[in-house]
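# Residue-level structural notes
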Amino acid sequence: MLEELKKQVYEANMELPRRGLVTYTWGNASGIDRETGYFVIKPSGVEYEELTPDDLTVVDLDLNKIEGKYKPSSDSATHAQLYKKYAEIGGIVHTHSVTAASWAQAGRSIPLYGTTHADYFFGDIPCTRSLTPDEINGEYEKNTGLVIIETLEEYGIHPMHMPGILCKNHGPFTWGTDARQAVYHAAVLEEIARMALNTELINPKAALAPDSIRDKHFCRKHGANAYYGQN
């Protein structure tokens, strides 16, 4: 079932350690088939070195296991909430990449200081609020997805204009049109997080990039008038 999607999601998962975005089993990637409403996700706690496409788990949006010998990732409920809310999202990645997770642990959004950031994220990359004790002790992973949605709604920004977020005390989630693009955004987010950290170390009083830089760099890559790259 969904053999081609399994291959895509497998490759996305394997790209995470290659890019230095995960240590041991600290991450996962998924991709959804919108026709069936099923998504494919890394199984919980399985080492990347041991993973094969056939090991991936297929679940529906209510987290019923459709296929697979392993339990799905413990973050499956977070992925499901995002897939339910945003039809544009075709793939999701979660990592504990060091610099992005450090901003999340500090409870800080990543300020937009330069053009690299603006090429991919239309504004500061948000950090969610802390989950309440009831949210943590209840449906924790589902509530993680809901707080991501809550934060995006508060920012009033389209999820494809902000393809990633920091969960406070936790780490980054990113997404894209498919699992491969979600991994790409995870790698970009980590680099942006490192640049922002270095910027503040070099100049603690560094000013944000002006909105004109944000608008120019984002819109030259995205939208109807984009002109970056080849046709």
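You'll find the structure just up there.
Residues numbered from 1 in each chain as written. Predicted model: local features only at pLDDT ≥ 70, side-chain atom pairs only at ≥ 80, totals over all residues. Heavy atoms only, no water.

Tallying secondary structure elements over the protein gives eight helices and seven strands in all. Over its C-alpha atoms the protein spans a radius of gyration of 17 Å, differing by no more than 12% from the 17 Å that the globule rule assigns to 231 residues. Overall size of the protein, expressed as C-alpha extent along the three principal axes, is 50 × 50 × 30 Å. Counting only residues that meet the buried cut, the protein has 48% of its 231 residues in that class. (Helix = DSSP H or I, 4+ residues; strand = E, 2+ residues; numbered from the N terminus. Rg over C-alpha atoms; globule rule 2.2 N^0.38 Å. Buried < 20%, exposed > 50% of the residue type's maximum accessible area, 1.4 Å probe, protein only.)

Our next topic: the packing of helix H1 (residues 3-18) against helix H7 (residues 179-202). The N-to-C vectors of H1 and H7 enclose an angle of 15°; their axes lie 8 Å apart at closest approach. Regarding the angle of H1 to H7, the classification is roughly parallel. You can see that H1 and H7 cross each other, and the crossing is right-handed. For the pair H1 and H7, contact is made by Val9, Ala12, Glu15 and Leu16 and by Ala179, Arg180 and Val183, respectively. (Axes fitted to C-alpha atoms, helices over the stretch in contact; angles between N-to-C directions. Parallel < 35°, antiparallel > 145°, perpendicular 65-115°, else oblique. Left-handed = near helix turned anticlockwise from the far one by under 90°. Contact = heavy atoms within 4.5 Å.)

Empty space within the largest pocket amounts to approximately 290 Å³. If you trace the largest pocket, you find 19 residues lining it, with Gln8, Ala12, Asp178, Ala179 and Arg180 closest to the centre. Every element with two or more residues in the lining of the largest pocket is listed here: H1, strand E1 (27-33) and H7. Split by residue class, the lining of the largest pocket holds seven nonpolar, four polar and eight charged. Of the volumes computed, that of the second largest pocket is approximately 220 Å³. (1 Å grid on protein atoms, 1.4 Å probe; cavity = no way out; pocket = protein on both sides within 12 Å on 5 of 7 lines; lining within 4 Å. Points joined across faces, edges and corners; volume = space filled by probe spheres on them. Nonpolar A, V, L, I, M, F, W, Y, C, P; charged D, E, K, R; others polar.)

It is worth spelling out the nonpolar core at this point. Membership of the largest hydrophobic core comes to 35 residues, with the highest contact counts inside it found for Ile110 and Trp175. Not counting the four nearest positions on each side in its chain, Ile110 is found in contact with Trp103, His117, Asp124, Ile125, Leu166, Leu189, Ile192, Ala193 and Ala196. Counting 21 residues, the second largest nonpolar core, distinct from the first, contains Val9, Leu21, Val22 and Val93. (Core = buried A, V, L, I, M, F, W, Y, C linked by side-chain atoms within 4.5 Å.)

Within the element layout of this structure, Ser73 appears in the loop between strand E4 (65-67) and helix H2 (76-85). Residue Ser73 is classed as buried on the basis of its relative accessible area, which comes to 7%. In this view, Ser73 contacts Asn28, Ile41, Lys42, Pro43 and Ser44; residues no more than four positions away in its chain are not counted.

With that settled, the discussion passes to the sheet that holds E4. Reading across from one edge, E4-E3-E2-E1-E5-E7-E6 is the order of the seven strands in this open sheet, with antiparallel pairing throughout. The sheet terminates laterally at E4 and strand E6 (164-167), the two strands that pair on one side only. Each strand of the sheet is rotated relative to its neighbour by a mean of 25°, with strand direction disregarded. In this structure, E6 lies alongside strand E7 (residues 171-176), joined through four bridges in antiparallel fashion. (Pairing = 2+ DSSP bridges.)

On the surface, a nonpolar cluster with roughly 340 Å² of combined accessible area is contributed by Leu197, Leu201 and Ile202. Within the secondary structure layout, Leu201 lies in helix H7. Residue Leu201 is classed as exposed on the basis of its relative accessible area of 62%. (Patch = residues over 30% accessible without salt bridge, like charges linked within 9 Å, V, L, I, M, F, W, Y side chains within 5 Å. Areas by Shrake-Rupley, 256 points an atom, 1.4 Å probe, with all protein chains shown as cover. Salt bridge = Lys/Arg side-chain N within 4 Å of Asp/Glu carboxyl O.)

Counted according to the given criterion, the structure contains 15 salt bridges. The salt bridge involving Arg19 is made with Glu15; its shortest N-O contact spans 2.7 Å. With a closest N to O distance of 3.6 Å, Asp211 and Arg214 form a salt bridge. Linking Asp211 with Arg214, this pair stays in helix H8 (residues 211-219), spanning three residues, or about one helical turn. Taking the relative accessible area as the measure of exposure, Asp211 reaches 48% and is therefore partly exposed. Connected through shared salt-bridge partners, Glu11, Glu15, Arg18 and Arg19 make up one network.

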